[in-house]
Every structure is written in C-alpha cells, then in structure tokens.
Protein chains: 2
Amino acid sequence: MKEIVIGFLGCGNVGGGVWRLLEDMREEIAHRFDGLSLRVKRVLVRDVNKTRSCDVPAEVLTDRPEDVLDDSEISIVAEFMGGEQPATDYLLRALRSGKTVVTANKVALALNWHLLQAAAEKSGAGLYYEASVCGAVPILQTLTEALPANRIDLLMGIINGTTNYILTRMSDEGSEYADVLADAQRLGLAEPNPAADVEGMDAAYKLTIMSSLAFHGRVTYDRVYREGITGVTATDIACGSAMGYTLKLLAIAKRGGEDGREIEVRVHPTFLPKNHPLARVEGSFNAVYLRGHACGEITLQGRGAGDYPTASAVVGDILRAATAEKHRHPTFRNTAEPDPSLHFTDDWRSRYFIRCSAVDAPGVLARVADCFASEQVSIATMRQEGAAALGRVQLIFITHEAGEKAVRRAVSRLDSAICSLESLIRVEE
Amino acid sequence: MKEIVIGFLGCGNVGGGVWRLLEDMREEIAHRFDGLSLRVKRVLVRDVNKTRSCDVPAEVLTDRPEDVLDDSEISIVAEFMGGEQPATDYLLRALRSGKTVVTANKVALALNWHLLQAAAEKSGAGLYYEASVCGAVPILQTLTEALPANRIDLLMGIINGTTNYILTRMSDEGSEYADVLADAQRLGLAEPNPAADVEGMDAAYKLTIMSSLAFHGRVTYDRVYREGITGVTATDIACGSAMGYTLKLLAIAKRGGEDGREIEVRVHPTFLPKNHPLARVEGSFNAVYLRGHACGEITLQGRGAGDYPTASAVVGDILRAATAEKHRHPTFRNTAEPDPSLHFTDDWRSRYFIRCSAVDAPGVLARVADCFASEQVSIATMRQEGAAALGRVQLIFITHEAGEKAVRRAVSRLDSAICSLESLIRVEE
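Residues numbered from 1 in each chain as written. Chains lettered and ligands numbered in written order. Predicted model: local features only at pLDDT ≥ 70, side-chain atom pairs only at ≥ 80, totals over all residues.

Draft legend 1. Seen up close, the interface of chain A and chain B. Tallying the contact residues gives 39 residues for chain A and 39 residues for chain B. Those elements giving two or more residues to the side of chain A that touches chain B turn out to be α6 (139-146), β12 (296-303) and α12 (307-323) of chain A. Taken together, the residues that form the side of chain A that touches chain B break down as 19 nonpolar, twelve polar and eight charged. Judged from the three bridges that link them, β12(A) and strand β12 (residues 296-303) of chain B form a sheet pairing that is antiparallel. By the bridge assignment, A:Thr299 is partnered in β12(B) with B:Gln301. (Contact = placed C-beta atoms within 7 Å. Helix = DSSP H or I, 4+ residues; strand = E, 2+ residues; numbered from the N terminus. Nonpolar A, V, L, I, M, F, W, Y, C, P; charged D, E, K, R; others polar. Pairing = 2+ DSSP bridges.)

Draft legend 2. Expanded view of the environment of A:Ser284. Structurally, A:Ser284 can be placed in the loop between β10 (262-273) and β11 (285-292). Setting aside residues no more than four positions away along its own chain, A:Ser284 makes contact with A:Gly161, A:Asn164, A:Tyr165, A:Leu189 and A:Ala305.

Draft legend 3. Structural detail: the sheet that holds strand β5 (residues 100-103) of chain B. Residues and elements named next belong to chain B. Pairing in this open sheet of six strands is parallel, and the strands run β3-β2-β1-β4-β5-β6 from one edge to the other. Two strands in the sheet have a free side with no partner beyond their single neighbour: β3 (61-62) and β6 (127-128). By the bridge criterion, two bridges tie strand β2 (residues 37-44) to β3 in an arrangement that is parallel. Looking across to β3, one finds that Val43 is bridged to Leu61.

Draft legend 4. Looking closely at the relation of the copies chain A and chain B. Superposing chain A onto chain B takes a rotation of 180° combined with a translation of 0.0 Å along the rotation axis, leaving an RMSD of 0.0 Å. What the superposition gives is, in effect, a two-fold axis relating one chain to the other. When C-alpha positions in chain A are compared against the rotation axis, the closest is assigned to A:Leu300, at 2.3 Å. (Least-squares fit on C-alpha atoms with pLDDT ≥ 70 in both.)

Draft legend 5. How the structure looks around the packing of helix α6 (residues 139-146) of chain B against helix α10 (residues 201-215) of chain B. Residue and element names in this part refer to chain B. In contact at an axis separation of 9 Å, α6 and α10 are set at 10° when each is read in the N-to-C sense. In terms of axis orientation, α6 runs roughly parallel to α10. The way α6 lies across α10 gives a crossing that is left-handed. Note on element contacts: α10 touches α6 through Met210, Leu213 and Ala214, opposite Ile139, Leu140, Leu143 and Thr144. (Axes fitted to C-alpha atoms, helices over the stretch in contact; angles between N-to-C directions. Parallel < 35°, antiparallel > 145°, perpendicular 65-115°, else oblique. Left-handed = near helix turned anticlockwise from the far one by under 90°.)

Draft legend 6. Quick look at α6(A). Burial runs high along α6(A): seven of the eight residues are buried. Restricting attention to buried positions, one finds in α6(A) the residues A:Ile139, A:Leu140, A:Gln141, A:Thr142, A:Leu143, A:Glu145 and A:Ala146. (Buried ≥ 20, exposed ≤ 12 C-beta atoms within 10 Å, placed from the backbone.)

Draft legend 7. Focus on unusual backbone geometry. For the bond from A:Gln85 to A:Pro86, the omega torsion is 5°, close enough to zero to count as cis. By the element assignment, A:Pro86 lies in the loop between β4 (76-79) and α4 (87-96). The residue B:Cys134 is not glycine, and still its phi comes out positive at about 65°. Among the structural elements, B:Cys134 can be located in the loop between β6 and α6. Look at B:Cys134 and you get buried, because 32 C-beta atoms sit within 10 Å. In this model, B:Gln376 sits at a positive phi of 60°, which is unusual for a non-glycine residue. Counting through the fold element by element, B:Gln376 comes out in the loop between α13 (364-373) and β15 (379-385).

Draft legend 8. Seen up close, the domain arrangement of chain A. Residues and elements named next belong to chain A. Partitioning chain A into domains gives domain 1 (3-128), domain 2 (139-303 + 337-344) and domain 3 (349-427). The C-alpha centroid of domain 2 is placed 28 Å from the C-alpha centroid of domain 1. Each side of the interface is counted separately: domain 1 has six residues, and domain 2 has six residues. Classifying every residue of the side of domain 1 that touches domain 2 gives four nonpolar, one polar and one charged. (Domains from an automatic or database assignment.)

Here it is as structure tokens:
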C-alpha cells in the first residue's frame, strides 16, 4: 500500500470538487491502483473560516502558503487558484523543491509554461495540466499520448462553455447579446465580470496550450489573434442562419503554407455550416475537432467546466503522477518566445460573412461590389434585405476563400457615405 | 539516441500502414522523443515473394515466426495477423520471453486477454492494444488514463465501420441490405465473407475489451448478446425514419441495478432519435458515447479502420511502450471467467420498435394490444399502415421502457393466424 501526500492550493468550486471526488473514489482508487492511497494533508485557502461545499477538516485548512509548499511530506501540489499570480510563484516554488504539480490553471500555464517546465525538468518533478483545457475532455492526453505519430494540421474547437451557452441561446431565442449575458450571470453561468470569457481570453489561453502540443513548438498567448462575442448581434445570427450557418466562438489553429510550417492561431466568432460536427455542440459543452495526417479527423466532445468534470481531469492527472516511474515533458523548445520553427501569419485565408447597411439608390451595389473586386475578393453569395421605405438596405455577402488582409482592405474601401460595414464574421467549413 | 528494435507479425493493410508511417515519421519521432529511433528488423509474412504496399527490403521479410520471436535484439513485437490463432500462440511466446506486444488484434485479445496479460505480468513485458478498438479513436486510453476517477455507467458505440456504411446507405437510398452489401463488397468496404462484421462479432469483440476496461472487471465475449444487421429491411428503416429514428448497429454496455453491479453488454441494431449524437455518425466513422459519474457525457469520434488511422494508434502504442519505464496492466481480476463482481443480466430494459403484419379485420388490433398488456408492456406510439385491399395491414408499435423478457413473452403470445411478427428492434434514447 503506497500513500501519496497531496497539498491543495485553493479550494473553490474545482478544489472542492476534487476533494469530494477523492473522498468518493477512495475505495475504487485503492482497488484500481494496487492499494494506492491519496491523502490531502493541507489545503491553502484565503479564509479558513469560510463555509465550503466540501467537508475539509479545520486542521487541514491553512492560509499560509508555506504550509503546503514547504511540507516535505507533500509530494504532489494540486492548484486551483487560477490567475497568473500568485499561482505561478507558488507552482515554481513547489516544482523547484521537487514537488509534482497538477494544475487546472490555464492562465499560469499559457503565460509561464516555459518557466514551469524548466523548473520541473531541473528538479525531476512532474507537471500535469489536462484540466487546464476543456475540463473532462481528454484533449491534451489525446494529442500527446495517442497521436504522437501524427502531423496535426488543424485544431478547431468550442472551448469556452460560457460563450457557447450565450450564442446557443441567442440563436434559439433570437435574443440580443446583452440580455442573454445578463440572464447567464443571474443563473451563475457567466461571471460578474465576464470579460475573460466573452472577449475570448479564456479560449485564447487554452488554444495556446493545445496548439503548442499539437504543433510541437511553443505558441505564445500574444500570437493568438483574438476577437470576442461582445459585438455579435441577433441580426447577424439570424442572417447567417437564413443562409445555413450557425455562429460559434471558435478557437482555430491551422498549420499550412508551402513547407507546412506556417501557423495561424485565432479565436473569433465564426459561422459554421449547420451540418458541421461543431455546429451541433450546444449549451455549455466543449468540443475539439482535429485532423492529423495519419489519424484523419477526430472529434472529442464533453463537459468543459464544472466542479466534477474538471475534478475528473485533475484526479486523472494526480493518478498518472502518483503512478509514474518518471515524469515526461514535451520535448519541443519551450521558451518564453514562440518557437522559431513556427512561422506565424495573420494573413490567413478564410471565407467571410460581411453585412453592410447601404443607401438604397441606383449604382450603390455596383460600387460596393467594386470594393471587393479591386482586392480580388470573390463573392460566393449575396443577399439584399430591408425596407426600401427607410431609404437603406442590408447587403449581406459571403465571400469565397480570400486572404484576411485583402478582405480588410476591401471593406476599408467602402464609401461610408453610401455604405457602412455592420459586421465581418469569418466562415469556416 | 536510443534505438528500439521491432519485429512485425503480419504485413497486410495495417502492417503496411505501420511500416510506411514509421518511415514517414522517422525524423519527427526522433525530434519528439529525445532522439528515439524505431527500427523494424524482421517482418513475418506468409509469402515473402508477394508484392506489398510498402517497400520492406527482402532481407527483412521472413516466413519463419522464430525469426521474430526468437531474435533477442527485438524488444517490441507488433502484431497485425488478426484472428485467434496462430496469433495468440505467437504473442504468448513473445511475452514469455519478455518482448513487449503491441497488437491490433481484437479477437486474440478479447478471447485470450487473461493468458496474454498473465504472461506479460510474469515477464514484465508490456501489452498494448489501443488499435484493437476503433482504430485512431483513443477510446481505451481515455478509459484507462483519462477517466480512472470515474464510475462509468454507460458506453454506447458505433464501433464497426462496415455495418455503419451499409446502414447509412440503406437509410439514404432506401435500398435493401443485400444490394448495399454487394456494392460494399465490390468497393472493398466489406469483406468477401462479411459475417464477422454484419453478424456483429467484430463489434462484440471490441465491446468485450472496452467494457472490461470501463467496468474494471473481465467481461468475456460469450457474455455479449449479439444480433447482426442481416435481418434489417428497408421497410424497418423507412418506418423508423418516419417516426423520427435512425437505425444503427450499436454496441452497448450499461452498468445499473440497485447496487450498481448489474451489467448488460449487447450488440444489436438499434433505433436512435435523429438528434442523438450517435445518430449523426455516418458512413465508415466510429464513435463512442460514454457517461461517467464525474466526467459526465463524453463522445469520441473518428476513423475506426483503414491503414493509416489504425497505424496512428499502433505507432502511438509503440511510442508509449518504447518510452515507458515500467509497463502497466489493468488491475482487475483478468481471468478466463467473467469477473464475479459483475452480475450479467439478459433481462435489460429498453424501448422496442415492433412491426407486425396483421389481418385487417375487426378486433385484431385489440387482440394484439392485449398480448402486450398482459405482459405489462406499455405502448408509447402505434401506427397502422398498408393497403386494406390486400387484406393485411402493418402495425407498428413503439413501447415505453420494458423488460426484454416481458417483450419477448408478449410477442410470443401473438396469434400467428391473425398477426405475424416482422421485426423487433430495440430503441435507445
């Protein structure tokens, strides 16, 4: 019978879930892992007197980080504080003293992965972070353990549950963003300060981690193009739907170009054809669609958040860490800078949904169309809608595949006196 | 730089794919695994003179098993022969001499897992078999490595590509089974002898493996209830479709009952509501939907067969084996008999689609309905169709959830003089 002693940093929703899952599964874990016993010795919290969703004994709780970080009996530190600091400092202290880290903290990992991994490699400690991306969905393990014999050229995911919940309700109900957000906040499905979710930061952190593992090179957070859902309107969703598309906040990582080393990483609202596997991922579910040269297309779908789904991934990592003879790390150049073998581009190719409000007068459509033509942006579908009585019409274009920069140049050519750009949304197939 | 020497048993479609993928990824593998080199030293084939899809040098090919099994330099044996024998004997010889086995052979594993694992445990060798179930879809690794902190109570999968291809085409085209099968054989998508696929054995072997890992106890092949698709008609598919259902060959493993130890494992044609995640899995794709008490619902989808998708899983396993410090095995009682802690039932509960051909006369429907009522089988939906001119009508019932045995007793009560049973198909939600 082997006992592993664990310390928690943080005990909120996820930490509480991990505590309860460890209690709940004590017998099965012993049975499934040759008598293994996992004992949580100390739990760092901000306020030891606060009421919690799990019954951590008072003597286990502490508000002094050193009670976890300097306890030589603790060999695994599981972190659920979130945020870059002080989490990163605590994790570095743990790793430097040889403690293995299991973390659900996408921000600390995305921003300071190089420091954390270097510290782990130096001391021989392990660094596990499946729970940092997509909760219970085993996407990181799939990339590293199941698909190492693949060249991955595409990752495309719905990896933020809050925005998917909001967009699903906007689509189903025809509601406006602000109304659904307010309701989601009331239901506890969006944070009081929703910026990290709705402005795409959360998805961008996760994409940083996923794409680094998929491309075997460090993709840094600042290289991810990011556009949130705050500008999405019920009109855009309705127009797209009428043309056969569903709007999703997608995180996309593509590898292409002539030598296969050109990389694009981007998070933005995206129209998908309604029959696309990701178009049907509704509510707070997460899903990742990937393509490898050997495996072909793989889609993983499941719960991306929540106490128990995240705890499922954390405890899975704790068990991998507790039973590992030797901890492994990605072998790519994990430095503060993006991997020099990856050539990032912000001039990707996509299709575009472009909605304009135009004066209803002869010649206007021709002049608008000319803006696209002059940049070699070819139109696949066009619709004109709206009441002529108001003197203005809606023009909706869906382009063939075109370069991002050419499309931006084209829309910047629109003469605002006759036609104003209402929205520009990328379309993926 | 570490070199691992590998021997192949078999070099057909999958073996050829593995050879080509290893060649293709030589540089990346070295890069991704600290200079690791994988060298295939010998390849056992039946006929060394046959032309192959991969350029194995003549001096590597051999038709003598001992050239692989008795070569002390070879530390990993990768097997692609398929079938129970002689594969099992060869794998046992390899394992007993301490060689790690990587296999895509679901039959040998499902039938002789206990012997293979015992031999591996005794010699300290590894036994890897991700490729034996669902090709590139990492379902086994997900169960063992990602979800060990879960109680899995449901696995439901489309795990045979040939039958899914046939059923998809029957649904799309309204064609009969025999016609689509013949066409699939012509296209090389079904075997000349299709029994293993269309009679559900292939799916049952895979379910044996998956469910043993999910339930942490040996589920043996002979406990799997099995019904193939050979009796499925275009009429059933059309009737089901009109009522909102899609027909799939599902492999189902459920854990339930009062103490959570009652197990049902079954492979049979199944109607699913058209909006069920598995209903949309088309053509030769595989997908597995599972439910765990912590992770919630997870769906994995991808290519379940084909040279490169299967090779993706095989080479993934070779890399895991080559870099493992110590090989791990499931810790459940892996014996020739089913695990005594699992209580198998063949009286599961389901909903049922029942199609009858009845005499068109007063009182017939009442008498038919009475057969169900007398067994407490409650009808959810009923349709009557068909030309009264012919003197017979189609009666289609969909029941509420009912016990398998009660439904069978109910249909056995039908008076064949007035009503004959045409088909009985289970319906899952």
